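# Examination of the molecular architecture
Single-letter residue listing:
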Amino acid sequence: MQFQLMNDPFTGEPSDRFIIFTDDDGNVWTVPKDSNWMWDLYQQWLAEGNEPLPA
Amino acid sequence: MFQLAAGNPVVTGTVISSTWANNTLSDIANNGLSNCITKDGQQTVTANIPFNNNRLTGVANGVAASDAATVGQIQSGSAVTLTGLSGTGDAIVANSTPAITAYSTGQAFLYIPTATNTVSNPTINISTVGAKTITQSNGIGLWASALVVGTPYVLVYDGTNFRVQSGTLGALVGAASPYGFRNRFIDGNLDSWQGGTSFNISGTGFSYTADMWVCTAGASGTATVSQGTFVAGAEPAGMETPVTNFLKFSQTVSSPNGGGIAQRIESVRNFEGRSATLSVWLWTDSGTITVPNITIGQTFGTGGSSQVNTTLTPGWTVTSTPQRFSVRLDVPSILGKTIGTNDYFVVVLNLPASVTFAVNAAQWQIEDCPSAAPSAGLPTQFEWRGYATERKIITRYFQSVPVTSDQVIVATARSTTSVLGSLYVEPMRTAAAITSPTLTGGAILIPSGSTTSISSFFSYQRAIVLVSSGTGYTAGQSGLITFTGGAFNLDARL
């Protein structure tokens, strides 16, 4: 399981609209902010002191 | 039969002595008249009286429970028709004539409502004997407006409740209806496995398996969750058909706190302050396990109150023979709670700790039930809504969108450096997470002849947005996006 920041797809600038989530099966997900269980997982992961990979 | 005393009858010439006269008259008084029924009621009958096929005629209607009833009284039903209705349609007060002093099993009354019920468990109190719940004829709770004003209902006491034994009940509407959408689980029949048919899971986190079902292997545990399939025509007896699949949970490395199977149901408002019946078919591959407990989770979402968990022990012993288990869940009220975003209601079937096992589950159902239902819950027939309807509902949460080489998507240059195309999909609960593990050949063709690849994609609630970053585009220029195969997976699950 891994999280990575994602730049805005249009401007290329840093953005918090999405994160990239790689699940245990290696699938790479583009996850909109606050959208679903993956974002909740990201918040828990951050709360445990982890840092996402840079964009 | 009365007979004259000795010395009677007398014959002509007999001297009427005082002895004869006193004996005879005393005998007539004591043994004759004293044994007669008198018209003014001064005599009390002391034994059953054979009427030798004759009738009592001209009698009055009985008014006390120990009175004889007339044919007319029986025909009118006055002794069993409830009168003097008061209270409300939910807490009915009524009288019987004559008044009863206790309920007895099998006792029946005719009730003609003057007000309908608004709750699923209305009560009736007859002759102040005590309030009893009125249920359907099968003992399951009613629903709002089931008892229609002016409609006669025969209520039969079953020893605990009064059951509506006859009389047409009011229309069944909304969630209480036993005829549609009783089952709040989505895909309780386990027909949809778009995300795969076998999953290796580990640890305490919950992972999606069958499309709408999440599982955990428990702390330090591992498990395999896979699709099982019934042999056509050999489904377990009693299971509703069509049933094709079951969920097989194999705990391969035990966990000290056990794994679990769950479904998150959108909206924490589900069943709040009410009762629900959970039912599911369970069986093991071999041996016996005991379900330790079931957890009801009320998750108030981001920005909402803290999650509330309620746990109960169902006492289910699962063997290798498929059985349908059920239990009543009493769901706490959410009064005073704050609801955030992505709130949900979850039911977790917790599995045994510290052992390895393989358990199978099929035909999950959770439905409204009266709070007075037995602890076993009394499930209704499993509700299967058909492949099309279930899949349509699932699409709100998860969908796999295939693309083929026959498909082209219109794209437009948004600026000199980016091209944008949209693939419209069924609307989803929220903007979905998106992946494309199987997608092949994505390319963007623009009229100038240059070809570029897709650099990123994301989704809104009803569209997949495909983006290409490059140089030399002309804003507003149109082009095409093509693929050679694969699919996008969209996940808006809770």
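Residues numbered from 1 in each chain as written. Chains lettered and ligands numbered in written order. Predicted model: local features only at pLDDT ≥ 70, side-chain atom pairs only at ≥ 80, totals over all residues. Heavy atoms only, no water.

Below, the discussion takes up the interface of chain B and chain A. Taken together, the 28 residues of chain B in the interface contact 16 residues of chain A. When chain B packs against chain A, close to 1,700 Å² is buried across both sides, 56% of that on carbon and sulfur atoms. It is A433(B), T435(B) and F458(B) in chain B that bury the most area against chain A; as a group they hold 26% of the surface buried on that side. Counting every contact that joins chain B to chain A gives 0 salt bridges. Our enumeration of links across chain B and chain A arrives at 9 residue pairs in polar contact (both at pLDDT 80 or more). Elements represented by at least two residues in the side of chain B that touches chain A include exactly strand 25 (433-435), strand 28 (456-459), strand 29 (463-469) and strand 31 (487-491) of chain B. When residues in the side of chain B that touches chain A are grouped by element, the largest group, 4 residues, is from strand 28 of chain B. Considered class by class, the residues forming the side of chain B that touches chain A number 15 nonpolar, 8 polar and 5 charged. (Contact = heavy atoms within 4.5 Å. Buried area = accessible area lost by both parts, 1.4 Å probe. Salt bridge = Lys/Arg side-chain N within 4 Å of Asp/Glu carboxyl O. Polar contact = N/O pair within 3.5 Å; in protein donor to acceptor, adjacent residues only side chain to side chain. Helix = DSSP H or I, 4+ residues; strand = E, 2+ residues; numbered from the N terminus. Nonpolar A, V, L, I, M, F, W, Y, C, P; charged D, E, K, R; others polar.)

Aromatic ring pairs are described here by two measures, namely the spacing of the ring centres and the angle between the planes. All names here are of chain B. Scanning the model with the defined rule gives 25 aromatic pairs over all chains in all. On the numbers, 5.1 Å between centres and 50° between planes, the contact of Y157 with F162 is tilted. The buried category is assigned to Y157, whose relative accessible area is 7%. Given a relative accessible area of 0%, F162 falls into the buried group. Lying across the ring of F271, R184 places its NZ or CZ 4.3 Å from the centre. Looking at R493, its charged tip hangs above the ring of Y208, at a distance of 3.9 Å from the centre. (Phe/Tyr/Trp six-rings, centres within 6.5 Å; stacked < 30°, edge-to-face > 60°. Buried < 20%, exposed > 50% of the residue type's maximum accessible area, 1.4 Å probe, protein only. Lys NZ or Arg CZ within 6 Å of the ring centre and 35° of its normal.)

This brings us to the environment of R324(B). Residues and elements named next belong to chain B. Mapped onto the elements of the fold, R324 is located in strand 19 (residues 323-330). Excluding residues within four positions of it along the chain, R324 makes contact with S279, V280, W281, Q365, P379, T380, Q381 and F382. A polar contact of 3.2 Å, which involves the side chain of R324, links it to the side chain of S279. At 2.9 Å, the side chain of R324 and the backbone oxygen of T380 are in polar contact.

Attention now moves to the confidence of the model for chain B. In the predicted model, chain B carries a mean pLDDT of 91, and the fraction of residues at 70 or more is 97%. As a predicted assembly, this complex carries a pTM of 0.69 together with an ipTM value of 0.95. (pLDDT = per-residue confidence, 0-100.)

What follows concerns the pairing of strand 5 (residues 131-135) of chain B. Residues and elements named next belong to chain B. Relative to strand 5, strand 4 (residues 123-126) is paired through 3 bridges, and the arrangement is antiparallel. Looking across to strand 5, one finds that N125 is bridged to A131. Of the strand pairs in this sheet, strand 5 and strand 7 (residues 162-166) are connected by 2 bridges, and their pairing is parallel. Bridge pairing in strand 7 links T135 to R163. (Pairing = 2+ DSSP bridges.)

This next bit is on the nonpolar core. Formed by 62 residues in total, the largest nonpolar core has its most connected members in F249(B), W316(B) and W364(B). Non-local contacts of W364(B), meaning those with residues more than four positions away in its chain, are made with N183(B), F185(B), G188(B), L190(B), W213(B), I261(B), L278(B), S279(B), V280(B), L349(B) and F382(B). (Core = buried A, V, L, I, M, F, W, Y, C linked by side-chain atoms within 4.5 Å.)

What follows is about the sheet that holds strand 12 (residues 245-253) of chain B. Strand pairs in the sheet, formed through backbone hydrogen bonds, run parallel or antiparallel to each other. Residue and element names in this part refer to chain B. Pairing is antiparallel in the open sheet, where 6 strands are placed in the order 8-11-12-21-14-19. Each edge of the sheet is formed by a strand with only one pairing partner; in this case those strands are strand 8 (198-203) and strand 19. Averaged over all pairs of adjacent strands, the angle between their axes in this sheet comes to 30°, without regard to strand direction. Here 9 bridges tie strand 14 (residues 275-284) to strand 21 (residues 357-369), and the two strands are oriented antiparallel to one another. By the bridge assignment for strand 21, L282 is matched with A361. (Axes fitted to C-alpha atoms, helices over the stretch in contact; angles between N-to-C directions.)

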